Amino acid sequence: MIRRISILAPNLSSNSLGRAYLLARVLQRNYEVEILGPAFQNHIWPPVDDGTVPFFSVPGKRFPLFIGPARQLLSCISGDLVYAVKPRLTSFGLGLLHCQKTQTPLILDIDDWDAEGEYGLNRVKQAVRMVWRLADPYNNLYLRLMERYIPRADAITVVSSALQKRFGGIMLPHGRDTHTLDPACFEPETLKAQYDLSGKFVLMFFGTPRPHKGLEDILTALQQVDLPDLRFAIVGVNWNDPYTQTLQQASEPRLRLFGMQPWTKIPEFLAMADTVVLAQRPVSFGQAQVPAKVFDAMAMAKPIIATQVGDLPEILKDCGVLIPPNNILALAEAIRFVHEHREETAEMGKQARVRCQASYSWDVMEKTLENIIANLEKGKKGHGS
């Protein structure tokens, strides 16, 4: 009988912890849950360090110093089921070692195609980097090696059709708590006043800024949009990230940057948004990814502009403004459209919330996870779609 679940996260200090935290919050409805893993920056990723989930961290060190913390982590796994997030050595690798010894069932969750994450480098430069970083447990060389062991997991969950096609598994999108994310609970203009946005049309990106998310495309498109009342808010920047400096150097006076926010602040910031924009670029990494924040925006009934990348066209069918990727003109036209057709796009937002409640809520995630766990208790593996 499975009563306690140990979730292994590859790095407790990075945004990769977000998926582990989401799984923990849903699983907490029916099980005791803990999240374990190394902290390579010696802290828990701030947005989820809110006391709702117990964390057990070990120092994230380079080899051979990481061997000691890894043994300590292995000795503290207490679950009747292990759920490893990402096929990383620091999560899935440790999970395989523990479960082989204890005969505990192991689920692997794949939320990104991380092996393609260095899409900005050619293959030679990627190989050089992997060799140069052999002492780093988070090295993509170990990730590629661990991918060979994916079939050894007792069940696999994935977030996108591209990942399912490559790795198999059961679809488990980034569901959202549609009870907490409820637009009826917030007054947008009151919140806008707190951030000097009163009377402004707020175009928002909420999440971790990365080059593949098309933020520079949005800034370029804004140069073609003469809307004085518009403000583009990027919420979730890491002030120490070099990419943040790139954004800060943009010559766009309507840009507003906000730092990383606690999970509990997500509804408040999204309540201020008049439109959410997700301009994913069609690189392999982006095609396999589903931006988790699309479901936050849907739950909050926000009009959404999104590029036709990965599963976004299916997720936002008939309830979002979809445009071709890498098309600055189409992006500028979409921004003008949502600004000029507020009643029509507000109705899209309402339909997006209905879809989120029906297909992408915590309730839906809970049912999927319960079926997977029930099958594991019966001795059935969950690798199929």
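In the block above lies the structure referred to throughout.
Keep in mind the model is a prediction, meaning the values are calculated, not measured.

Chemist: Outline the state of the cysteines, supporting the account with residue identities and numerical values.
Modeler: Under the criterion given, the structure shown has zero disulfides. Sulfur of Cys76: no disulfide; nearest cysteine sulfur belongs to Cys99 and is 15 Å away. Judged by its relative accessible area of 29%, Cys76 is partly exposed. Unpaired in terms of disulfides, Cys319 finds its nearest cysteine sulfur in Cys356, a separation of 9.5 Å. The class for Cys319 is buried, based on a relative accessible area of 1%.

Chemist: Which residues make up helix H1 (residues 17-27), and what values go with them?
Modeler: For H1, a buried count of 10 out of 11 residues is recorded, marking the element as mostly surrounded by other parts of the structure. Residues Leu17, Gly18, Arg19, Ala20, Tyr21, Leu22, Leu23, Ala24, Val26 and Leu27 constitute the buried set of H1. Turning to H1, the residues buried within the fold contact strand S1 (4-8), strand S2 (32-39), strand S3 (55-59), strand S4 (81-85), strand S5 (106-110) and helix H16 (362-377).

Chemist: Could you give an account of the packing of helix H8 (residues 215-222) against helix H14 (residues 328-340), with specific residues and numbers?
Modeler: Between H8 and H14, the least distance of the axes is 9 Å, while the angle of their chain directions is 70 degrees. In this view, H8 runs roughly perpendicular relative to H14, as classed from their interaxial angle. When you trace H8 past H14, the crossing you get is right-handed. Of H14, the residues touching H8 (which contributes Asp217, Ile218, Thr220, Ala221 and Leu222) are Ile328, Leu331, Ala332 and Ile335. By residue class, the composition of the contact of H8 with H14 is seven nonpolar, one polar and one charged.

Chemist: Run through the packing of aromatic side chains, naming residues and quoting values.
Modeler: Summed over the entire model, instances satisfying the criterion amount to 10 aromatic pairs. Where Phe40 meets Phe66, the ring centres are 6.2 Å apart and the plane angle is 25 degrees; that geometry is what we call stacked. On the criterion of sequence distance, the pair formed by Phe40 in the loop between S2 and S3 and Phe66 in the loop between S3 and helix H2 (67-76) is long-range, its members being 26 residues apart. For the pair Phe40 and Phe66, a shared accessibility class is recorded, and that class is buried. Plain terms: the ring middles of Tyr195 and Phe258 are 5.7 Å apart, the flat faces sit at 80 degrees to each other, and that makes the pair edge-to-face. Taken as a pair, Tyr195 in the loop between helix H7 (188-194) and strand S8 (201-206) and Phe258 in strand S10 (residues 255-259) lie far apart in primary sequence, 63 residues in all. A relative accessible area of 9% means that Phe258 is categorised as buried.

Chemist: Give me the lowdown on the sheet that holds strand S6 (residues 155-158), citing residues and values where you can.
Modeler: Within the open sheet, the seven strands sit side by side as S3-S2-S1-S4-S5-S6-S7. Their pairing is parallel. Strands with a single pairing partner mark the edges of an open sheet, and in this sheet they are S3 and strand S7 (170-171). In the sheet, S6 pairs with S7 via two bridges, with the strands oriented parallel. Considered in S7, the bridge of Val158 is made with Met171. Sheet strands touched by H2: S1, S2 and S3. Its angle to S3, the strand with the most contacts, is close to 160 degrees. This element, helix H3 (residues 89-102), spans S1, S2, S4 and S5 of the sheet and lies at about 155 degrees to S4.

The rules behind each value
Residues numbered from 1 in each chain as written. Predicted model: local features only at pLDDT ≥ 70, side-chain atom pairs only at ≥ 80, totals over all residues. Heavy atoms only, no water. Disulfide = S-S within 2.5 Å. Buried < 20%, exposed > 50% of the residue type's maximum accessible area, 1.4 Å probe, protein only. Helix = DSSP H or I, 4+ residues; strand = E, 2+ residues; numbered from the N terminus. Contact = heavy atoms within 4.5 Å. Axes fitted to C-alpha atoms, helices over the stretch in contact; angles between N-to-C directions. Parallel < 35°, antiparallel > 145°, perpendicular 65-115°, else oblique. Left-handed = near helix turned anticlockwise from the far one by under 90°. Nonpolar A, V, L, I, M, F, W, Y, C, P; charged D, E, K, R; others polar. Phe/Tyr/Trp six-rings, centres within 6.5 Å; stacked < 30°, edge-to-face > 60°. Pairing = 2+ DSSP bridges.

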